[in-house]
Amino acid sequence: MKKRSTRRKIVGTFFVLPGLISYFGWTIYPIIKSFLMSFHKWNINPEIPPLFIGFENYKKLFQDTLFWLALKNTVMYVLVTVPGQIALGLLVALLLNRDVKGRIVFRLLYYLPVVTSWVIVSAIFQYLFATRGGIVNFLLKDVLHLVSADIRWFSQPSMAMVPIYTLGIWKGIGWSMLIFLAGLQAIPREYYEAARVDGAGAWTTFWRITMPLLKPTFVFELVMLTIGGFNVFLSVYVMTGGGPRNATQVLSTYMFKQAFQYFHFGYGAAISVVFFVLVFTIAQLQRVLFKRTEA
Amino acid sequence: MKMSTKRRINTILSEIILILISFIVMMPVILAITMSLQHPTEVFSYPPKLFPSSFYLGNFPKALQTVNLGRLLLNSLIVAVMITIGKMITGVFAGYAFANFRFKGKRIAFAALFITLFLPAETVMILPLFLIMKKFGWVNTYWALTIPFMASATNTFLMRQHLLTIPKELEEAAMIDGAGPMRYLWRILIPLSLPILAGMSLVNFVYAWNMYLWPLIVTMSDEMKTVQIGVKMLIDAESANNWGIIMAGTLIALAPTLLLFFTVQNLFVKSLVRTGIKG
């Protein structure tokens, strides 16, 4: 009997090893390595060993105005797109949760942007927001007459984030809707029937039953969308490249620029470590905060 | 009677709002299709057209020539298939081990796995990973494009969750009948998990197909690049902003995902709800 259980232990270890080894080798180890790299000055020439410089990279980073600008832009992106995706996703989910016709078709259409790659949708949005001949300027100027001249979306620093926000929200509605829909369908029908018997109107039912029971869904969306928002990269990289004059520079594009265009590996690693710690802390805070309000 | 009319009005109103929103959601894709079907002389016409007035197919071959999209599509296919197979194999075995076996360090390993489900790991690991690839001499090869992505915390986690729902008595019965762990996995567990396995591989494939940053960093020559990079190359090449050709290229890159999505959409949506994976 004992022999059999040791054999099973070996078999289990054998099964888990391929995944575990590659997971530690390609994920955990690089994360640790990133921390170590951030304390070194790297030379492009691989013959010259990296030089330990302590917190030098971080000191430089916290005095780097471009870093703060990138951080500000990233936070703004999260603050605009996360509520946008949650609100629109919830609206669509609530509408779809009724007995409407063609639910499957709608669900499919709303989900389409999610499976489409960021590069492709960024290319399409670059066209939509083109200064001349773009549909957005056409609508604003010639149809709605809101502006008198074409807006230069990508060369005007004050406007450049707008296409990036719009794309972020547009691409995320489908995912947000799907998660809310799953949450809504998990609410037992009897609750609504009981509320109706008690004479509660649609508004009361929504605030007293739907919203409280959707709370776990809200937190899940908040955490996942915040992490996703901080990771914004491709829409910026494709549409503006961080410009004009760094008006759309975000943390990940700035890291990419430092590491892979200037080859400041240590500095790039320091940016990614700050990024990592920041996102991890915020995600954990959101979860803890929610748990407390639930009790 | 009054109640039902009110409800009917409500439903119709919902329908109208849903159609309006879906029109806005679909608009960019519709415009991309319109654009790709327009003759270069029409592309710059003002006001921009919502629906194509002509059916010009010349943009597609031009897009294929401008950057070598055929080769890039092949690369994307190879990379996506390899990553999917790798992720499925490691995920199924590791999930099986976590669900059905006891071994040393199981709890720590599982905790580490679970945490990474909620981490922005990609941004942090990309720089060291590139240096590792350089050291291995893997830069600009299929190895670098596929091997580092063959483990999947999500697949492992989902597989474990699914296998835990299968009663343990089944395993005991199989073992009494003389089936070993491998046989039990192949003959009993895999057939019982086909829908979830199909859903997982679909999500893995689309993830790998849409990868951009890593292939960009780790490939040097044009023959090794993937189709997503091809789209960006097309944008840069068409500096005169011939949107017709660019949109034709994006549609070519998008076609495989769309085909997959529409043929198995139900499976897709189900597994996405289960995994909560974001695009």
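Model, not experiment: these values are computed from the prediction.

**With respect to the overall build of chain A**
Here is step 1: Assigned secondary structure in chain A consists of 13 helices and 2 strands.
Here is step 2: Considered along the principal axes of its C-alpha atoms, chain A spans approximately 85 × 75 × 35 Å.
Here is step 3: By the burial criterion, 54% of the 295 residues in chain A qualify as buried.
Here is step 4: Counted over contacts in chain A with a minimum sequence separation of 6, partners at least 24 positions apart contribute 68%.

**Quick word on the interface of chain A and chain B**
Here is step 1: Each side of the interface is counted separately: chain A has 89 residues, and chain B has 90 residues.
Here is step 2: Interface area, chain A with chain B, both sides summed: about 8400 Å², of which 79% is carbon and sulfur.
Here is step 3: Per-residue buried area on chain A facing chain B is highest for Phe15(A), Trp26(A) and Tyr127(A); these three make up 10% of the total on that side.
Here is step 4: There are 1 salt bridge connecting chain A and chain B.
Here is step 5: Glu171(B) is the partner of Arg8(A) in a salt bridge, and the nearest nitrogen-oxygen pair spans 2.9 Å.
Here is step 6: Here chain A is connected to chain B by 12 residue pairs in polar contact (both at pLDDT 80 or more).
Here is step 7: Here the element with the most residues in the side of chain A that touches chain B is helix H1 (residues 2-37) of chain A; it accounts for 21 residues.
Here is step 8: When its residues are assigned to classes, the side of chain A that touches chain B shows 61 nonpolar, 16 polar and 12 charged.

**Some thoughts on helix H12 (residues 251-261) of chain A**
All names here are of chain A.
Here is step 1: The buried fraction of H12 is high, at 9 of 11 residues.
Here is step 2: Of the residues making up H12, those classed as buried are Leu-251, Ser-252, Thr-253, Tyr-254, Met-255, Phe-256, Gln-258, Ala-259 and Phe-260.
Here is step 3: Just beyond H12, the residue with positive phi is Phe-263, at close to 60 degrees.

**Considerations on the side chain of Thr248(A)**
Residue and element names in this part refer to chain A.
Here is step 1: With respect to the helices and strands, Thr-248 occurs in the loop between helix H11 (234-239) and H12.
Here is step 2: Residue Thr-248 is classed as buried on the basis of its relative accessible area of 0%.
Here is step 3: Setting aside its immediate chain neighbours within four residues, Thr-248 contacts Asn-73, Ala-160, Met-161, Ile-164, Val-236, Thr-240, Gly-242 and Gly-243.

**Observations regarding the environment of Ala99(B)**
Residues and elements named next belong to chain B.
Here is step 1: Here Ala-99 is to be found in helix H4 (residues 69-100).
Here is step 2: The class for Ala-99 is buried, based on a relative accessible area of 8%.
Here is step 3: Remark: the alpha-carbon pair of Ala-99 and Met-26, spanning 73 residues in sequence, is separated by 42 Å.
Here is step 4: What Ala-99 contacts, discounting residues up to four positions off in sequence, is Arg-160, Leu-163, Leu-164 and Lys-168.

**A few points about the confidence of the model for chain B**
Residues and elements named next belong to chain B.
Here is step 1: Averaged over all residues, the pLDDT of chain B is 85; the fraction at 70 or higher stands at 92%.
Here is step 2: The secondary-structure element of chain B with the lowest mean pLDDT is helix H15 (residues 265-275), recorded at 63, while H4 shows the highest, at 94.
Here is step 3: With a pTM of 0.88, the predicted complex shows an ipTM of 0.85.

**Description of the pattern of salt bridges**
Here is step 1: According to the stated counting rule, one finds 4 salt bridges over all chains in the structure shown.
Here is step 2: Put simply, Asp150(A) and Lys141(A) hold a salt bridge, and the shortest N to O gap is 3.6 Å.

**A word on the packing of aromatic side chains**
Here is step 1: Within the structure shown, the criterion is met by 44 aromatic pairs over all chains.
Here is step 2: Their ring planes at 65 degrees and their centres at 5.0 Å tell us that Phe180(A) and Phe218(A) sit as a pair that is edge-to-face. One end of the pair, Phe180(A), is in helix H7 (residues 161-185); the other, Phe218(A), is in helix H10 (residues 215-230), and 38 residues separate them in sequence.
Here is step 3: Three or more aromatic residues joined by ring pairs make a cluster, and in this case those are Trp42(A), Phe233(A), Tyr237(A), Phe256(A), Phe260(A), Phe263(A), Phe265(A), Phe130(B) and Tyr212(B).
Here is step 4: Over the aromatic face of Trp118(A) sits the side chain of Lys171(A), whose NZ or CZ is 4.7 Å from the ring centroid.
Here is step 5: Here the guanidinium or amino end of Lys232(B) rests over the ring plane of Tyr237(A), the centre of that ring lying 5.4 Å away.

**Remarks on the environment of Val279(A)**
Here is step 1: Looking at where Val279(A) falls in the secondary structure, it is placed in helix H13 (residues 265-294).
Here is step 2: Since its relative accessible area comes to 1%, Val279(A) is described here as buried.
Here is step 3: Between the C-alpha atoms of Val279(A) and Met159(A), which are 120 residues apart in sequence, the distance is 26 Å.
Here is step 4: Setting aside anything within four residues of it in sequence, one finds Val279(A) in contact with Ile227(A), Phe230(A) and Pro120(B).

**Quick look at the domain arrangement of chain B**
Residue and element names in this part refer to chain B.
Here is step 1: Its domain assignment divides chain B into domain 1 (1-56) and domain 2 (59-273).
Here is step 2: On a C-alpha basis, the centroid separation for the pair domain 1 and domain 2 is 33 Å.
Here is step 3: Residue-level contacts link 10 residues of domain 1 with 11 residues of domain 2.
Here is step 4: If you look at where domain 1 meets domain 2, you find 0 salt bridges.
Here is step 5: Where domain 1 meets domain 2, there are 3 residue pairs in polar contact (both at pLDDT 80 or more).
Here is step 6: At the level of secondary structure, the elements contributing two or more residues to the side of domain 1 that touches domain 2 comprise helix H1 (2-36) and helix H2 (40-43).
Here is step 7: Top element by residues in the side of domain 1 that touches domain 2 is H1. It accounts for 4 residues.
Here is step 8: Residue classes in the side of domain 1 that touches domain 2 are distributed as 8 nonpolar, 2 polar and no charged.

Here is what the cut-offs are and how they apply
Chains are numbered independently. Their residues run from 1 in the order of the written sequence. Just so you know, chain letters begin at A and ligand numbers begin at 1, following the order they were written in. Confidence filtering applies because this is a predicted model: local features only for residues at pLDDT of at least 70, side-chain atom pairs given and counted only at 80 or more, and all residues used for totals across whole chains, interfaces and linings. Side-chain figures throughout are based on the complete set of non-hydrogen atoms in the structure, without hydrogens or water. Strands here are runs of E lasting at least two residues and helices are runs of H or I lasting at least four, both read from the DSSP assignment and numbered beginning at the N terminus. Summary of the burial criterion: residues with accessible area below 20% of their type's maximum are buried, those above 50% are exposed, and those between are partly exposed, where the area comes from a 1.4 Å probe applied to protein chains only. Here, residues are in contact when the closest pair of their heavy atoms is within 4.5 Å. Two parts placed together each lose some accessible area under a 1.4 Å probe, and the buried area is that loss summed for both. What makes a salt bridge here is a side-chain nitrogen of Lys or Arg within 4 Å of a carboxyl oxygen of Asp or Glu, nothing more. Under this definition, polar contacts are N or O atom pairs within 3.5 Å; protein pairs additionally need one hydrogen-donor-capable and one acceptor-capable atom, and for neighbouring residues in sequence, both atoms have to be side-chain atoms. Asp, Glu, Lys and Arg are counted as charged, while Ala, Val, Leu, Ile, Met, Phe, Trp, Tyr, Cys and Pro are counted as nonpolar; the rest, among them Gly, fall into the polar class. The pLDDT value expresses, per residue, how confident the predictor is, ranging between 0 and 100. Aromatic rings from Phe, Tyr and Trp, with only the six-membered ring used for Trp, were paired whenever their centres fell within 6.5 Å, and each pair was classed as stacked if the ring planes differed by under 30 degrees, edge-to-face if by over 60, and tilted otherwise. Our definition puts a charge over a ring when NZ of Lys or CZ of Arg is within 6 Å of the ring centre and also within 35 degrees of the ring normal. Domain start and stop positions are those given by an automatic or database domain assignment.

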